[in-house]
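# Summary of structural features
Below, each chain spelled out in residue letters.
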Amino acid sequence: AMPYAATRSFGEAVAIPFVMLGFGLGTYAQQKNKTWLFLIGLISIGVAVLFRYQVGLIYVAYTFLLLFKKDKKFFYTALVAGFFITALSISIDLLYGRYPMETLFEYFVVNYKYDFGACKWYNFILLVFALTLPPFCLVFIDKIKKVFMDNLEVAICFLVFLIAHTITSHKEERFMLPIVPFILIFISALWVEKKDSMLARFIFSPAFLIINTIVLIIVVTVPSQKGLIEPLLFANKKLSTEKSILINIGISKWAYDTHLKRSISTVDYLLLEPITAKYLEQALINDNEKDQIMVIAEDPKMLFLINKYSSSSIKCDQITYHTSIIDKVLFKLNPKYNGRKKTTGSVLCSKLVI
């Protein structure tokens with residue numbers, strides 16, 4: 001998850017330690033009959049909900065399981081923790097000038113109002129299965145039921161989260177981050193159950209070591225969504241904030257707030273045809289204080305007319321393409337869904353001193 005955290009702050013990633021701490025304390029507290037420790041555990045899960053509202057599915061499932069087990073003491077404790085987190089959420093809204101629970105309501109509105117990318121209904125199921133390293137994980141198949149029943153509460157919360165996301169059309173891999181640690185812990189438990197098995201020792205263990213090492217090296221050294229982020233970092237590096245203009249053709253503006261210096265003047269180019277050198281020259285003429293223009297484009301073809309352009313007034317560099325191996329592969333696999341991973345381009349043009 002760390003390469004993603006480096007390119008974009010995911011609420012799902014931030015929620016992970018709070019979810020795991022909450023379940024750890026909750027399970028231990030029930031074993032030791034410590035209500036106060038259970039309260040802290042449920043509050044921890046509640047904090048995770050504030051970072052990513054989908055985690056609320058886990059909280060609700062956990063609470064209903066306590067009710068189903070007729071464990072009144074811990075059920076009421078879960079309700080108290082829930083009220084505390086709700087009050088905290090309301091306080092945050094009021095602090096930012098919103099009405100109580102406005103952020104939560106807007107979250108639902110946005111998710112159902114806009115047409116987000118949709119995958120096949122089984123996308124998350126395949127993703128979860130892939131994280132278990134098939135087909136090597138099949139050596140554990142005879143122990144799945146035992147581990148599931150030994151960890152029933154966690155397992156049910158896991159399934160509720162997975163099923164709910166499976167029947168929702170808006171699907172992004174990052175939504176699964178809060179339950180990735182559950183997958184790893186289940187695999188670890190299965191591994192322990194089969195620690196003396198020759199199949200586990202000579203099939204799963206080597207595969208686990210080799211595959212994870214290779215994948216780890218790739219994801220740590222090769223960033224994702226480079227085409228979306230790198231043009232803005234490139235602009236930060238190349239442009240003088242007082243004497244430059246950044247022209248954007250189609251790259252999502254949400255990334256500006258995180259990755260672009262606020263002092264850089266930006267212009268959105270809305271024309272459908274490729275940008276011309278004449279357009280850039282006129283922009284510099286209209287603003288005598290500017291002597292640099294960088295153009296970033298979602299489609300590098302929009303930059304062909306200014307590639308290496310040179311005249312008596314401006315000189316442009318050649319197109320710089322922003323992409324990575326991972327982005328190329330993911331975009332090739334699903335161009336419609338992985339649009340943010342497409343190759344983008346940029347060109348820096350400078351005013352010539354006469």
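Keep in mind that this is a model prediction, so the values were computed, not measured.

## Remarks on the overall build of the chain
Within the chain, the regular secondary structure consists of 15 helices and 6 strands. If you line up the chain on its principal axes, its C-alpha atoms span 80 × 55 × 30 Å. Going through the 354 residues of the chain one by one, you find that 42% of them count as buried. Across the chain, every contact between residues at least 6 apart in sequence was considered, and the portion connecting residues at least 24 apart equals 72%. As displayed, the chain has an accessible area near 20,200 Å², and 66% of this comes from carbon and sulfur atoms. Averaging the coordinates of the 38 positive side-chain charges in the chain and doing the same for the 26 negative ones gives two points 6 Å apart.

## A few points about the pairing of strand S1 (residues 244–249)
Counting buried residues in S1 gives 6 out of 6 residues, a clear majority hidden from the surface. Residues of S1 alternate between two faces, with Ser244, Leu246 and Asn248 on one and Ile245, Ile247 and Ile249 on the opposite face, all of them buried. Pairing between S1 and strand S3 (residues 292–297): 6 bridges, direction parallel. When the bridges of S3 are listed, Leu246 appears paired with Met294. Relative to strand S2 (residues 265–268), S1 runs parallel, the two sharing 4 bridges. Across the sheet, Asn248 pairs through a bridge with Asp268, a residue of S2.

## Remarks on the packing of aromatic side chains
The full count for this structure, using the stated rule, is 14 aromatic pairs. Ring centres of Phe23 and Phe182 lie 5.2 Å apart, and the angle between their planes is 90°; on these two criteria the pair is classed as edge-to-face. Of this pair, Phe23 sits in helix H2 (residues 11–32) while Phe182 sits in helix H10 (residues 180–193), and the two are 159 residues apart along the sequence. Each of the two residues, Phe23 as well as Phe182, counts as buried. On the basis of an interplanar angle of 35° and a centroid distance of 5.8 Å, the ring pair of Phe204 and Phe208 is categorised as tilted. Here Phe204 pairs with Phe208, and both are found in helix H11 (residues 198–221), just 4 residues apart, close to one helical turn. Assessed through its relative accessible area of 0%, Phe204 is described here as buried. Grouped by ring-pair contacts, the aromatic residues Phe23, Phe38, Tyr62, Phe74 and Phe182 constitute a single cluster.

## Side note on the pattern of salt bridges
All chains considered together, the criterion is met by 9 salt bridges. Here Glu12 and Arg174 are joined by a salt bridge, their closest N and O atoms 3.0 Å apart. You can see Glu12 sitting in helix H2 and its partner Arg174 sitting in the loop between helix H9 (152–166) and H10, a full 162 residues away along the chain. Of the two residues examined, Glu12 and Arg174, each falls in the buried class. Of the charged contacts, one joins Glu172 and Arg174 as a salt bridge, the two residues approaching to 2.8 Å between their closest N and O atoms. Residue Glu172 shares its accessibility class with Arg174, and that shared class is buried.

## Focus on the confidence of the model for the chain
Close inspection of predicted coordinates is inappropriate for parts of the model with low pLDDT. The pLDDT averaged across the chain works out to 88; a share of 95% of its residues lies at or above 70. Averaged pLDDT values over the elements of the chain bottom out at 49 in helix H1 (residues 2–7) and peak at 96 in helix H3 (residues 35–51). Long-range and interchain partners of residues 3–7, a stretch whose pLDDT sits below 50, account for 7 contacts in this model, where long-range means more than four residues apart.

## Concerning the environment of Leu88
Note on placement: Leu88 falls in helix H5 (residues 72–95). Between the C-alpha atom of Leu88 and that of Gly46, which follows or precedes it by 42 residues, the distance is 9.7 Å.

## Observations regarding the layout of surface pockets
Unfilled space is identified by rolling a water-sized probe across the atoms. Its boundaries defined by the atoms lining it, the second largest pocket holds a volume of some 920 Å³. For the second largest pocket, the lining is made up of 35 residues, of which Tyr53, Gln54, Gly56, Leu57 and Phe108 are closest to its centre. For the lining of the second largest pocket, the secondary structure elements donating two or more residues are H3, helix H4 (56–68), H5, helix H6 (102–113) and H9. If one sorts the elements of the lining of the second largest pocket by residue count, H5 sits on top with 9 residues. By residue class, the composition of the lining of the second largest pocket is 22 nonpolar, 12 polar and 1 charged.

Procedures and definitions
Along every chain, residues carry numbers that run from 1 in the direction the sequence is written. Where local features are concerned, this predicted model is filtered to residues with pLDDT of at least 70; where side-chain atom pairs are given and counted, the filter is 80 or more; whole-chain, interface and lining totals use all residues. Side-chain metrics in this entry use all non-hydrogen atoms of the structure; hydrogen atoms and water are not considered. Per the convention used, a helix needs a DSSP run of H or I reaching at least four residues, while a strand needs a run of E reaching at least two, with both numbered from the N terminus. Partly exposed describes any residue whose relative accessible area lies between the buried limit of under 20% and the exposed limit of over 50%, with all areas from a 1.4 Å probe on protein chains only and scaled to the type maximum. Every residue pair with non-hydrogen atoms within 4.5 Å of one another is taken to be in contact. Per-residue and other accessible areas were derived by the Shrake-Rupley procedure at a 1.4 Å probe size, with only the shown protein chains allowed to occlude residues. Lys and Arg are tallied as positive, Asp and Glu as negative. Neither His nor the chain termini are counted. Charge coordinates come from a single atom per side chain, which is NZ of Lys, CZ of Arg, CG of Asp or CD of Glu. Whether two strands pair depends on DSSP finding at least two bridges between them. What counts as a ring pair is set by centres within 6.5 Å for rings of Phe, Tyr and Trp (its six-membered ring), and what kind of pair is set by the plane angle: stacked under 30 degrees, edge-to-face over 60, tilted for all other angles. Here, a salt bridge means any Lys or Arg side-chain nitrogen found within 4 Å of an Asp or Glu carboxyl oxygen. Scored from 0 to 100, pLDDT reflects the predictor's confidence in each residue. Both site types are read off a 1 Å grid over the protein atoms alone. A 1.4 Å probe that fits but cannot get out defines a cavity, while an open set with protein on both sides within 12 Å along at least five of seven lines defines a pocket; lining residues have an atom within 4 Å of a point. Grid points are joined across faces, edges and corners, and a volume is the space filled by probe spheres set on the points. Any residue that is not Ala, Val, Leu, Ile, Met, Phe, Trp, Tyr, Cys, Pro, Asp, Glu, Lys or Arg is counted as polar, Gly included; the first ten are nonpolar and the last four charged.

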